[in-house]
Amino acid sequence: MFSLNKYSIFLCLIGFFLTAYLIMLPHIDTIDMQIEKGVDIIYTPSHVNGEATQFDNHVKLLPSAQLSRFGSITGKLGNIEYGQSLYPNVLQEIIVAFMYAPIIAISDDMDTPYYALPFFVGLIYLTSFYLIRMFGADLVTALMFPIIMIFGYHFFLFDLFFIPNGLLHPEDIFTASSRIDPWVESQEYELNSFYRIHTLGASYIFFLGYIYFFYKSLIDSASAKKYMLPMAIILALQFYTYVFYAMAAGISFLLAVLWMFIIARNKTDSGNTSQHVKYIFYSGLIAFFLALPSLMHIISLTTNIENSDWLMRIGANKAVDTVFWANNLMYGLLVFFVILSQNKQTRITSISLLLTVLLVENSSVLIGLDIQPGHISMRAVMPSIILFAGCTLYFQSLKISNMLSKYSTFPLFLYAYRVLVTFIAYYFAVIAYNYSQSYAENTYKHQGISASQDALHHWLKKRPNSNVATLLPSIGVPIIFKSPSYLYLTFSGHLHQSVTNLDIDKRLVNVLWLFGADHDQIKDYFNQEQGKSFEKRYHYYYWQRRFGYPLAVTGFSNHLNFLSDMIKNYDVNGNGALCQSSFDYLVVDKLNPRQKVFSGVKLSYLTEVASFDELVVYKLNVEDLGCLLTQNSE
């Protein structure tokens, strides 16, 4: 067992503050550049203004905001329907909601989670430091590999950075910076998922907790017995933190139990091993019952045929017969850990995690179901694999140095390893620093909200619970934290699971009809080649997953005809039309290219009630629509 002296505590705290600073730095640099350039914009990390996007983070923060404002995990902020229902992914990510809800409640500000994120990622650094020391590696490994993991893991996952010409050309590693640096300089989004508000940023500490207790339980039967309950609790928590942590932990745990069971069956003296397997199995059994509410909810979501449209929108029901891009990397890592792992705990943990990646990422080939490729590798398993790789390399360099000690007392390989990992950690810290400057340069003009948007938000604040419609993501994304959103195209997979594609189409047609839209205008509105990058990404989540890319494919062309026909034959009293599904206000942006596609609004049904420079607010006059009043028969 290692000891934490004052020297190591001081150094790991430096690592904590360095990590937190680098995660916070994009905000600092962007604000500084906005001040320097005199940009007329109100900085806020949770909002956008035309190009940059944070709506992945928006979706993850909605349950936290709902919990902080209403003390409830049912319903969804920005959506007035199904207020008493549990929305998809809320229960499966409720741990993070409970982390951020008090912060939002105390500050009464949706920006504070972004400023709390550096602290949480700093805790991930400290946890990783402790794990590496527990694995038995030296202080240098423990200090450097968390930096490599947090700021560099993304680059190791893709061949294009280190080995673009394949494993047979390892010399490409020496020119990796010539490919990494330009990529970093062009970024308008996060450097990697540790910069995200949820995964990996605030939540990965829980997955590392699973690694800790899993590793401890694998030591021997006494350890498995000692850690049986905490192992069960931390395994179950994965099912309330992030669905891909749950997959990674659950499947790797089952594979490890199966592995150890086979070993026990084939051992001559298998009594102790069998007892070891039993204790670990009991942990899994307890975890299963603790995770049952989340599991039952997942099963209900994925097996109910009425949720088929929702499954399509999250990309979970496409059977694309494709092979995972990083299979060769996974095979290479399997061989690496099989041959070089320093003990059975490292070997079993790392191999079971890698096999889990191979099973899930190749699910389209194995079972005909595409389970959102990349998520379980990039946002669950691979960061922890980097920690295991660092420890393994340390022990191998130590082993080689000991073997050569009869020739020289100087541990050349060990010191070479330490110098190398220190250089790599320094390089990725510099990459993170440079990224912050590049991010600021690429986004300072639009990271935040304009004065007119701010005025709109204050106007809406005085009219709580007003249902607001807009066709523009730059307006619609920030509004969901202020008022219910009528047309929730953004990340539409996170609508209630019972909302069908036709329900969304009807609301879209309701708004398009008020613009007098025809077929050509609708086509121009959805043109993926025009507009800003944020808008293109915005439309991806609904339209690309539904029809593929480019949007000129037959399926989408047919759908444009379908929408156009709905408008031509529009009946305000129809099922799901404005008389049944109305809203309070329509917001337009006179300067937005997508808005300019339409000639104007139908003023016979809409009255201008406010304007804030380019933003105009119309009130929908439901009484002028000609709605037929129906009376209940007695």
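In case you missed it, the structure is sitting above this.
What counts and how
Residues numbered from 1 in each chain as written. Predicted model: local features only at pLDDT ≥ 70, side-chain atom pairs only at ≥ 80, totals over all residues. Heavy atoms only, no water. Helix = DSSP H or I, 4+ residues; strand = E, 2+ residues; numbered from the N terminus. Buried < 20%, exposed > 50% of the residue type's maximum accessible area, 1.4 Å probe, protein only. Contact = heavy atoms within 4.5 Å. Areas by Shrake-Rupley, 256 points an atom, 1.4 Å probe, with all protein chains shown as cover. Pairing = 2+ DSSP bridges. Axes fitted to C-alpha atoms, helices over the stretch in contact; angles between N-to-C directions. 1 Å grid on protein atoms, 1.4 Å probe; cavity = no way out; pocket = protein on both sides within 12 Å on 5 of 7 lines; lining within 4 Å. Points joined across faces, edges and corners; volume = space filled by probe spheres on them. Nonpolar A, V, L, I, M, F, W, Y, C, P; charged D, E, K, R; others polar.

Just give me the short version of the overall build of the protein, but keep the residues and values in it.
A count of helices and strands for the protein gives 24 helices and 4 strands. Going through the 634 residues of the protein one by one, you find that 56% of them count as buried. A fraction of 74% describes how many contacts in the protein between residues 6 or more apart in sequence connect residues 24 or more apart. Per element, the accessible surface of the protein, about 27300 Å² overall, is 60% carbon and sulfur.

Before we move on, can you summarise the pairing of strand β4 (residues 615-620) with the specific residues and values?
Counted residue by residue, β4 has 5 buried out of 6 residues, so it is predominantly covered. Summarising the sheet, strand β2 (residues 585-589) and β4 pair through 5 bridges and their orientation is antiparallel. Looking across to β4, one finds that Val-588 is bridged to Val-616. Where strand β3 (residues 606-612) and β4 come together, 6 bridges link them in antiparallel fashion. The partner of Ser-611 across the bridge, within β4, is Val-616. Two successive antiparallel strands, β3 and β4, enclose a turn made up of 2 residues, where Asp-613 displays a positive phi of approximately 55°.

Tell me about the environment of Pro-411, and please be specific about residues and values.
Among the secondary structure elements, Pro-411 is positioned in the loop between α17 (375-403) and α18 (412-443). Each C-alpha atom, one on Pro-411 and one on Ser-397, is 8.8 Å from the other, the two residues being 14 residues apart in sequence.

Any chance you could break down the sheet that holds strand β1 (residues 468-469) for me, citing the residues and the numbers?
Reading across from one edge, β1-β2-β4-β3 is the order of the 4 strands in this open sheet, with mixed pairing throughout. Since the sheet does not close on itself, it has two edges, and those belong to β1 and β3, each with one partner. Sheet topology places β1 next to β2; 2 bridges connect them, and they run parallel. Note on β2: the bridge partner recorded for Ala-469 is Leu-586. Sitting on the sheet, helix α19 (residues 451-461) is in contact with β1, β2, β3 and β4, with an inclination near 125° to β3.

Talk me through the layout of surface pockets; I want residue IDs and the actual numbers.
Size it by volume and the second largest pocket reaches roughly 1400 Å³. Phe-156, Phe-162, Ile-173, Leu-393 and Ile-424 are, among the 35 residues lining the second largest pocket, the residues nearest its centre. At the level of elements, α5 (139-156), α6 (159-162), α7 (177-185), α14 (327-340), α17 and α18 are the ones that each hand at least two residues to the lining of the second largest pocket. Considered class by class, the residues forming the lining of the second largest pocket number 30 nonpolar, 4 polar and 1 charged.

Geometric descriptors of this kind do not, in isolation, establish any biological role.
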